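Below, each chain spelled out in residue letters.
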Amino acid sequence: MTAQEFIKKWGANARTERAASQSHFNDLCELLGLPKPLDVDPTGDAYTFEKGATKLTGGEGFADVWKKHCFAWEYKGKHGDLDKAYAQLKRYADALDNPPLLIVSDMRTIVVHTAFTNAVKQAHTFTLNDLEEPAKRQRLKQAFTNPEQFRPGLTRAAITADAAKKFSELAHALHARGFEPHAVAHFLNRLIFCMFAEDVEILPNKIFSKMVKASVAHPRTFQPNAKSLFAAMAKGGVAGFEQIDHFNGGLFDDDSVLPLEEAELKLLDKTSDLDWSNMEPSIFGTLFERGLDPDKRSQQGAHYTDVETIMKIIRPVVIEPWERAWEAEKEPLVKLLEGAGKKIPKRAADRLNAFLDRLHQFRVLDPACGSGNFLYLALRSLKNFEKRVIQEAEALGFPPQFPAIGPANVFGIEINPYAAELARVSIWIGELQWQIENGFHYTKNPILKPLNQIEHRDSVLTDGGSEAQWPEADVIIGNPPFLGAKLMNRKLGKEYTEQLRKAYFPRLKGFSDLACYWFEKARTQLNDRQARYVGLVATSSIRGGTNRPVLDAICSKDVIFDAWSEQPWVLEGARVEVSLICFSRPEDRPPTLRLDGNGVANINPDLTTGLDVTGAEVQPENGGVSFLGIQTTGPHDIDGAFARKLLLAPVNPNGKPNSSVLKPYWNGDDPTGRPRDRWLIDYPLGLTEAAAAAYQLPFEYLKSARYAPDDPKDLRTLPEARATVRDEHARQRWWEPYWPRPEMRARIASITRYIVTPETAQYRLFVWLSFPTLPDKNLIVIGRDDDVTFGILHSKIHEVWSLRLGTSLEDRPRYTSTTTFATFPFPAGLTPNIPASNYLTKPKAAKVADAAKRLNELRERWLNPSDLIDPTPEVVGGFPQRVLPKGDKAAALLKKRTLTDLYNEKPAWLTYAHRDLDAAVADAYGWSWPMTDEEVLTNLFALNQERTIKSTKKGST
């Protein structure tokens, strides 16, 4: 068929949709040179007319034509309502496997609507006359053969980020003019909703954009015109010449408007030109919130979490329980319908309605809801599930029903007033988007139902200092604030932090991160029968240390049934690691437990499976050996050039050189990279201020140097910064490091060398240091100088224990004195409480020592080859010699010689050295090597428990 023949035939067509639609489609296939459905797919599995007809009652399908992975196509007769046809396709998109294109036609016009996930929606119209052009025919042909060609280049996320950025600029401008922050936030939320409402045609005829454009040249007209619009939206009425529906919902409860200047109106004009109908509520709120109030939320760790990660919480706790319930419900429904014909038995209708009633009463609570991204996605997921139930029930023969799940099903608590209102706006917009996208009419009078159940208050503490209460809900979800225990006093205030810890004691003891209070509160709700499922996010540090007791408490009565132990996502450009944890009462757990996406038999409190080693106890033999390094909290850490300037300065008025108060200083980067040549201004502990001042240049530097203790913009001197700190010793002796660690100093000064390992590092590496070199807080110090201890610590056996008992920071395992070293059971007779001289001559110990020495020697020669380095004495005596490169070429080569690079490369000689060491350490335990990691853990844990029992019995005796 030629284009002219097709145009002539169908231009004259006056038959109805039913009489002509299949003929039209077959002719179109012939015109485009494509096979017809019946020619290539007689079974109709992938390409068919009348897709989705009900099994019991027959009748019309959900789509007139359907091609798998390409399109669903709905026809209307001459001058038919194509918007209505599009709405029908949207309603049944799920039942049609969500094709990427939804196409409607009245046989004179064909409109191709894109429906790609996470992409903006676009419509492409083809008239009869367009089909005369080969390029237009080729374009339409792509809908059949390559629908990806219709995918919009711009994503919803990109549009949303652009909108948030432009709107944040407007927020900054209004703040700069001195308007009250909450008034600014409330006003801008109204503007956001207006721009969305007109782009989805809830506000008529682009009334808002026209008003803004008209005001650019006459800024004084904006305020009265906007007041008129807001007043109409408050109750329904007329603005300009347009009839405005009743919106209100609390967002438009009055007609208050902030005056905008010309530059602000120009910015608003540009912003209103964006396509707000495609805004993605799951990210807009958080992005815009930063523009409204960037400081306060960042203090408590407000996060923009990607949709995929959030769904790893929402699916297990919100949707999958309902999916299991629906699958269990369908079988009895089918039996009740058997032999009933077209008439639905009352028992079947009652049963379906009872199921839907339970679904409609379902409540989701996010007690740290931020700007609503979790609640929005939970609501959208519930609405999608309800739509699926209605469609599947319709396929069984039940009559269609209108969806009833809506904003009333979600509850939130949020301490930040800007975020709380943004959450309401996000949910309103998300609800309206879903209704429109799925072909349903939104409700009116009012359009916006009040969302008072999203509360602005503290989630965990009342104003009186007692534990806050949460509303009852079926499910608790959310992303509690990420704030470490060490920062709570500084960020939240000492009084608040003390009240919080007191209110939850003894359920939470000690030094718990802020997020733990949400976990404990959710656990309580669960066990008080005020919730059934919980899904929360935390930093991965919740798996160990002082945070894990909250997970221990959860696992003592309840079940962690789905978890991601270390889930990466990007937070403001930085890669972070979180744990996603879903738990319930035992009777509500699903049939299969999942850890990191895999089915498992059990999930331990440290988010591992298999052997549970969380009961590992501190070994008394390990006491008094492992220490934290020095914490300066001030400008005591100086570079080598400045240190040498001080070292070469004249003797001080007290007759002593500056070498008395200077020491080489290593942090966590020095063992894994090249030494950074840093030094510490380190006064003898206990000096008076007058005695400290007698070391003239170091004292003057410490007193005058400016640094930022909290805020990078807030530079202060050390005396100023220390004047307001909590600890008296740091206030009174500001010239000393904040935590100088005298016990650690005494230990390392009494031995020839000592062992350090970075607290966090890609690999668990141990190296030797010698006093006077001092370690900082990012190094864990083991105060032993024997090769046997070094070898045991650097063995695979200890590494397996440290990885399992430790936590992680982002993608780097963390080593601690309390959870990894203190609990580790050393081989009998080689424990840290025994002097090395007692066992060095024993064959098994000597074998470990020899292998450890060999490993260290090989590494040192690789790190510092004699032909590349020039050992140079320090500028004054008493300090380790410097290792300098022999020229620029040597310097370039040495840059690539770090322990991290070495273990990334893992040459054969290093593998053999570690293999010999591992075998020697295993022999010291009396074990055969090699062993699996699980065998190592099982043996070590048994040894830990055995010694714990013996120690307890000995203590009680």
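Everything below is about the structure shown above.
Keep in mind it's a predicted model, so treat the numbers as computed, not measured. (Residues numbered from 1 in each chain as written. Predicted model: local features only at pLDDT ≥ 70, side-chain atom pairs only at ≥ 80, totals over all residues. Heavy atoms only, no water.)

With that out of the way, let us pick up the nonpolar core. The biggest cluster of nonpolar side chains holds 137 residues, and the ones touching the most others in it are Phe193, Leu229 and Phe247. It is helix H15 (residues 373-396) that contributes the most residues to this core, 11 residues altogether. Other than its neighbours up to four places away in sequence, Phe193 contacts Met233, Phe247, Leu251, Phe252, Trp428, Ile429, Leu432 and Leu448. (Core = buried A, V, L, I, M, F, W, Y, C linked by side-chain atoms within 4.5 Å. Buried < 20%, exposed > 50% of the residue type's maximum accessible area, 1.4 Å probe, protein only. Helix = DSSP H or I, 4+ residues; strand = E, 2+ residues; numbered from the N terminus. Contact = heavy atoms within 4.5 Å.)

A few words now on the environment of Trp739. Here Trp739 lies in the loop between helix H26 (728-732) and helix H27 (742-749). For Trp739, a relative accessible area of 30% puts it in the partly exposed group. The residues contacting Trp739, other than those within four sequence positions of it, are Ile630, Gln631, Asp727 and His729.

Turning our eyes to something else, we now look at the sheet that holds strand E2 (residues 63-67). Strand order in the open sheet formed by 6 strands is E1-E2-E3-E4-E5-E6, and the pairing between neighbours is mixed. Looking at which strands have only one partner, the edges of the open sheet turn out to be strand E1 (47-51) and strand E6 (123-127). Strand after strand, the sheet turns through a mean of 20 degrees between neighbouring axes, direction not considered. In this sheet, strand E5 (residues 109-114) lies alongside strand E4 (residues 101-105) in antiparallel orientation, the contact comprising 5 bridges. (Pairing = 2+ DSSP bridges. Axes fitted to C-alpha atoms, helices over the stretch in contact; angles between N-to-C directions.)

This part covers the sheet that holds strand E19 (residues 637-639). Consider a sheet: its strands pair through backbone hydrogen bonds, and that pairing is either parallel or antiparallel. Spatially, 4 strands are ordered E19-E21-E20-E26 in an open sheet, and the strand pairing comes out mixed. The sheet is open, and its two borders are formed by E19 and strand E26 (774-775), each paired with just one other strand. Taken strand by strand, helix H21 (residues 640-647) contacts E19, strand E20 (662-666) and strand E21 (678-681), and its axis lies near 90 degrees from that of E19.

The subject of this paragraph is the environment of Thr125. Summarising the element assignment, Thr125 is placed in strand E6. Put simply, Thr125 and Val112 are 13 residues apart on the chain and 6.3 Å apart in space, counted from C-alpha to C-alpha. Here Thr125 is in contact with Thr109, Ile110, Val111 and Asp130, once residues within four sequence places are set aside.

With that settled, the discussion passes to the state of the cysteines. All told, the structure shown has 0 disulfides when counted by the stated rule. Looking at the unpaired Cys29, the closest cysteine sulfur is the one in Cys70, lying at 12 Å. A relative accessible area of 0% places Cys29 in the buried class. Free of any disulfide, Cys369 has its nearest cysteine sulfur in Cys582, 19 Å distant. (Disulfide = S-S within 2.5 Å.)

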